[in-house]
Amino acid sequence: MEKQNFFVRLIKQREVSILIVFVALVIVTTMVQPTFFFSSDGWRALLLDPAIYVVLAIGEAVVIITKSVDLSVGSTMGLCAWAVGTAYLNWHDMPPALAFALGIGFGAFLGFVNGALVGIAKVPGMVITLGTMYIFRGIDILWAGSARINPKDFGDDFKNLGNSRLIPDWIIVGDVKMGSLPTLTLIAVIVLVIAAWYMRNIRTGRALYAIGSAPQAAELYGLPYRKLSFLAFVICGATAGMAGTMFAARYATIISTAGNGYEMQAIGAAVIGGVAIVGGSGTILGAAVGALLLTTINAALPILGLPSLWQKAVVGALIIGAIVLDRVLASRNERRLVAERMAS
Amino acid sequence: MSQAPTLQLRDVSKHFGQVTALASGSIELYPGSIHALIGENGAGKSTLVKIIAGLYHRDSGEFLFEGKPVDFKSTAESKAAGIAVIYQEPTLFPDLSVTENVFMGRQPVNRFFRINRSAMRAEVVQLMERLGVGLDPDRPTRGLSIADQQIIEIAKAISLDAKVLIMDEPTAALSGVEVERLFAVARQLRDEGRALMFISHRFNEVFSLCDTVTVMRDGNYVSTVAIKDTNEHQLVTQMVGREVTSLFPKLDTEVGETVLEVHGLNSPGVFADIDLHVDAGEIVGLSGLVGAGRSEVARAIFGVDPYTDGQVQLLGKPLPARNPAAAMAAGIGFVPEDRRQQGLVMQNPIATNITDAIRGSLVKRGVITHKAENAAAQIWAHNLEVKTASLDAKAETLSGGNQQKVVLAKWLASNPKLLIIDEPTRGIDVGTKSEVHRRMSQLAKEGMAILMISSELPEVLGMADRVYVMHEGRITAELSRDEATPESVMYAATHSSVPAPAAVEIEVTETIVETGK
């Protein structure tokens, strides 16, 4: 009985159910095209492609948990990627660590701007970041013009980082080689572990949940509401900056529209992963798993023979489905909690 | 009480713009004592509490905590000093667990600032045991009853080792058993030497729990006495403290035909068997405690809320249920309780707000001109003496009293047969208040039927020709102007059946005059 309960509970966890969908998707797609999973490149793409989205979704999730949203992450990411690229134009052999420090720092600064505007203007984050989404992009276009930063402009260490594998293929069955661990994937996992640990185990992390759960109560309670909301935007900016740096390393080609539309992917990933858009609930792991699923769906649908016209619609349906599911679960949960109370 | 007071407020005031929320508040809380604070709605009790909590900052006066002057700038500061407040509104985070709610912001941590979940949980288990409640520490607080939410608030206060615990109307939504449980805990805390303050409008609770009582009226301190040296009658007199009727001039009127008739209106769980009528030229009061179902009845009559059976008739013609447009067309005007949310479009100009209900009649060749709108609005703004520089100013720029006049103007412009007013003078300064009363009285004299819901007992007694009193969704008394006294209305408001035997202790409750928001 106890054991069964444990499994039932496990499956009911949003992270686990999304992961199950992910595994099912991979299995089905692999059945159609075995190299999707059973090949060096297929395996690598499966792990590497979501890395940037995962990092982006983590920061976005932090902001959504505080009952706000950051629409500017795509622009922040593009601007930071351009900044890192420009730095390489001037210092060809800049160490990758410094490039990351630059990207994260610049992203955090842009998040700081968002947080400050939200705090000062006392306008919902959605409106402010809608504005900064255009402003950051505008600065990017002004700065970059029609120029392009090419792979030759980047240092070799940095470019290699974007495509290298920390562990080479170690599963070798006949012709099939797989099992590598791309470096960017490891970076994303590290960010995930740190962020998840922070949001779960540190006071301010829990306070971010609290202000998203009931802002008025947080004020009466004496939680520093504005500081916390500010913190969430800075975290989100920093992860977006990091994602921009990862983007630069991975593709080594940057133009002024880099990162365009990524904000919607980030929000979609968080929502699919169970981060409630009304704030206060959801986990970082959920957002990361959501990003994993979203990226993989985009890769799998063409293989499954779905016309590319329909791919966006599927993603959209998934997002709406996730939100409807959240509503249904939330109202069911609320009824159950009330019923439990009545029974006791 | 030879000890020094834990907390002292002397002559503290607080203003919001031109409105004085607290003129002069004073109170002293002693360790090992439960101190009651009572007063009418608007007496300044909640403001006083919020000043102690650090939510508001006082404009003047002294604030001493443990003998030293303090100046709390946030609730975090007062909490750190050892003051815990249980507000009327719950301050829990519904998505987080009971345990997290108790410890939010000051969770026990071990190495690397990591929250020590097991230690935290163990302490909550202990607290719940001590409080004698079986609350699951891991469940989210969403869906908990008010009583359980308060227990969590108290658990917070204990774990904080608060020296002062303030409870702002904690029993308003509790059942008898839950009240007993709360009181047992309160006495326990008192015996541990903490200072407690208890705001309530239920005299029997004040007398059974507290040892000292402070009365406030109109933002001023009135008196502090030991409970054993006073009685209900004395406290009521101090609370009201004025000749009730003189303030509210109701003109005598000729009562005409029946305008509104309500028969057997039912809405399960909200109200039941509502029978009432309002005649032309009459002001009828609808009184009762908060949650008695008064506003719900009014909303059902106007067609906003549903009802399962029963009938509403206006001038002998039945009105369809759930159809406010039909109610308006038939001649009902409805001034809701919450004018900011429901009565006005705050961002719109005053003129637009006034002409809201008569839009249709202003249309000429398919358009409404600015000129036609302002001309129509001008008449009523003038009639009601709305104080504004321009009719083009936004409604939100007006004071509360003037906003209420605009809502009134909006409905009067449509020339209704029946006007339903929910809390006509809430949050309005005294001067404008009597103006609104004078206007209502005038309207009744001109033959309008008025149904007035009011939580302010003096207003009901002063203005109404007849009073219906509701208790838990039912009308428990219909009182004529002569029969309606504070005692008779409050008795009917707190008992399911009338009449009041002389020997029964009358529960004069301040809820009549208080809803908290």
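In what follows, the accompanying structure is described. Here the structure is a predicted model, which is why all the values come from computation and not from measurement. (Residues numbered from 1 in each chain as written. Chains lettered and ligands numbered in written order. Predicted model: local features only at pLDDT ≥ 70, side-chain atom pairs only at ≥ 80, totals over all residues.)

What about the overall build of chain B?
Okay, step 1: Looking only at helices and strands, chain B has 18 helices and 20 strands in total.
Okay, step 2: Taking 24 Å as the expected radius of gyration for a compact globule of 517 residues, we find that chain B reaches 25 Å, a close match to that expectation.
Okay, step 3: With the C-alpha coordinates aligned to their principal axes, the bounding extent of chain B is approximately 75 × 55 × 45 Å.
Okay, step 4: Within the span of chain B, comprising 517 residues, buried residues form 47% of the whole.
Okay, step 5: Counting contacts in chain B only where the partners sit at least 6 residues apart, residues at least 24 apart contribute 67% of the total. (Helix = DSSP H or I, 4+ residues; strand = E, 2+ residues; numbered from the N terminus. Rg over C-alpha atoms; globule rule 2.2 N^0.38 Å. Buried ≥ 20, exposed ≤ 12 C-beta atoms within 10 Å, placed from the backbone. Contact = placed C-beta atoms within 7 Å.)

Considerations on the overall build of chain A
Okay, step 1: Counting its secondary structure elements, chain A contains 15 helices and 4 strands.
Okay, step 2: Each principal axis of the C-alpha atoms in chain A carries an extent, and together these give about 70 × 55 × 40 Å.
Okay, step 3: For chain A, the residues scored as buried account for 47% of the 344 residues in total.
Okay, step 4: Taking the intrachain contacts of chain A between residues at least 6 apart in sequence as the baseline, contacts between residues at least 24 apart amount to 76%.

Considering the sheet that holds strand β18 (residues 449–453) of chain B
All names here are of chain B.
Okay, step 1: Within the open sheet, the 6 strands sit side by side as β16-β17-β18-β13-β19-β20. Their pairing is mixed. Every interior strand has two partners, whereas the edge strands, β16 (332–335) and β20 (474–480), have only one. Here the average twist between neighbouring strands, direction ignored, is 15 degrees.
Okay, step 2: Bridge count between strand β19 (residues 466–471) and β20: 6 bridges; the pairing is antiparallel. In the sheet register, Arg466 faces β20, and the bridge partner there is Ser480.
Okay, step 3: Each of β13 (283–288), β16, β17 (418–422), β18 and β19 is contacted by helix α9 (residues 294–302), which is oriented at about 150 degrees to β17, the strand it contacts most. (Pairing = 2+ DSSP bridges. Axes fitted to C-alpha atoms, helices over the stretch in contact; angles between N-to-C directions.)

Remarks on the pairing of β17 of chain B
Residues and elements named next belong to chain B.
Okay, step 1: With 5 of its 5 residues buried, β17 lies for the most part within the structure.
Okay, step 2: Neither face of β17 is exposed, since Leu418, Ile420 and Asp422 on one face and Leu419 and Ile421 on the opposite face are all buried.
Okay, step 3: Two strands pair when backbone bridges link them, and β16 and β17 are joined in this way by 4 bridges, in the parallel orientation. Along β17, the bridge assignment pairs Phe334 with Ile420.
Okay, step 4: As defined by bridge partners, β17 adjoins β18 across 5 bridges and the pair is classed as parallel. Bridge pairing in β18 links Asp422 to Ile453.

Regarding helix α14 (residues 284–303) of chain A
Residues and elements named next belong to chain A.
Okay, step 1: For α14, spanning 20 residues, the distance from its first C-alpha to its last is 29 Å, which sits close to the expected 28 Å at 1.5 Å a residue.
Okay, step 2: Considering bend angle alone, the principal kink of α14 is centred on Ile297 and spans about 30 degrees.
Okay, step 3: With 15 of 20 residues buried, α14 is to be regarded as a mostly interior element. (Expected span 1.5 Å × (residues − 1). Bend = angle between axes of the 7 residues up to and from the residue.)

Thoughts on the interface of chain A and chain B
Okay, step 1: Taken together, the 21 residues of chain A in the interface contact 26 residues of chain B.
Okay, step 2: Every element with two or more residues in the side of chain A that touches chain B is listed here: α10 (203–213), α11 (215–221) and α15 (308–343) of chain A.
Okay, step 3: Ranked by residues supplied to the side of chain A that touches chain B, first place goes to α10 of chain A with 6 residues.
Okay, step 4: Split into classes, the residues belonging to the side of chain A that touches chain B amount to 11 nonpolar, 6 polar and 4 charged. (Nonpolar A, V, L, I, M, F, W, Y, C, P; charged D, E, K, R; others polar.)

Quick notes on the nonpolar core
Okay, step 1: The biggest cluster of nonpolar side chains holds 163 residues, and the ones touching the most others in it are Val54, Val55, Leu56, Ala57, Ile58 and Ala288 of chain A.
Okay, step 2: Ranked by residue count, the leading element in this core is helix α12 (residues 225–251) of chain A, at 14 residues.
Okay, step 3: Once you skip the residues sitting within four places of it in the chain, Val55 of chain A turns out to touch Ala188, Val191, Thr239, Met242, Ala243 and Met246 of chain A.
Okay, step 4: If you look at the next biggest cluster of nonpolar residues, it comprises 75 residues, including Val278, Trp380, Leu398 and Ala444 of chain B. (Core = buried A, V, L, I, M, F, W, Y, C linked by C-beta atoms within 7 Å.)

A closer look at helix α6 (residues 96–121) of chain A
Okay, step 1: The terminal C-alpha atoms of α6 of chain A lie 37 Å apart, and with 26 residues this matches the ideal 38 Å at 1.5 Å per residue to within 8%.
Okay, step 2: Residue Lys122 of chain A follows α6 of chain A closely and has a positive phi angle near 50 degrees.

A few points about the environment of Arg226 of chain A
Okay, step 1: Tracing the backbone shows Arg226 of chain A in helix α12.
Okay, step 2: Here the alpha-carbon distance between Arg226 of chain A and Ser39 of chain A, two residues 187 residues apart in the chain, equals 49 Å.

Things to note about the sheet that holds strand β11 (residues 258–267) of chain B
Strand pairing in a sheet is mediated by backbone hydrogen bonds. Such pairs are either parallel or antiparallel.
Residues and elements named next belong to chain B.
Okay, step 1: As summarised here, the arrangement of the 4 strands in space is β12-β11-β14-β15, forming an open sheet in which the pairing is antiparallel. Each edge of the open sheet carries a strand with a single partner, namely β12 (271–279) and β15 (317–318).
Okay, step 2: Packed on one face of the sheet, α9 meets β11, β12 and β14 (309–314) and runs near 115 degrees to β11.

Section: the packing of helix α4 (residues 50–65) of chain A against helix α13 (residues 262–272) of chain A
Residue and element names in this part refer to chain A.
Okay, step 1: Between α4 and α13, the shortest axis-to-axis distance is 8 Å and the interhelical angle comes to 70 degrees. Overall, the two elements α4 and α13 adopt an arrangement that is roughly perpendicular. Along this stretch, α4 crosses α13, giving a crossing that reads as right-handed. The residues of α13 that touch α4, namely those facing Tyr53, Leu56, Ala57, Glu60, Ala61 and Ile64, are Tyr262, Gln265, Ala266, Ile267, Ala269 and Ala270. (Parallel < 35°, antiparallel > 145°, perpendicular 65-115°, else oblique. Left-handed = near helix turned anticlockwise from the far one by under 90°.)

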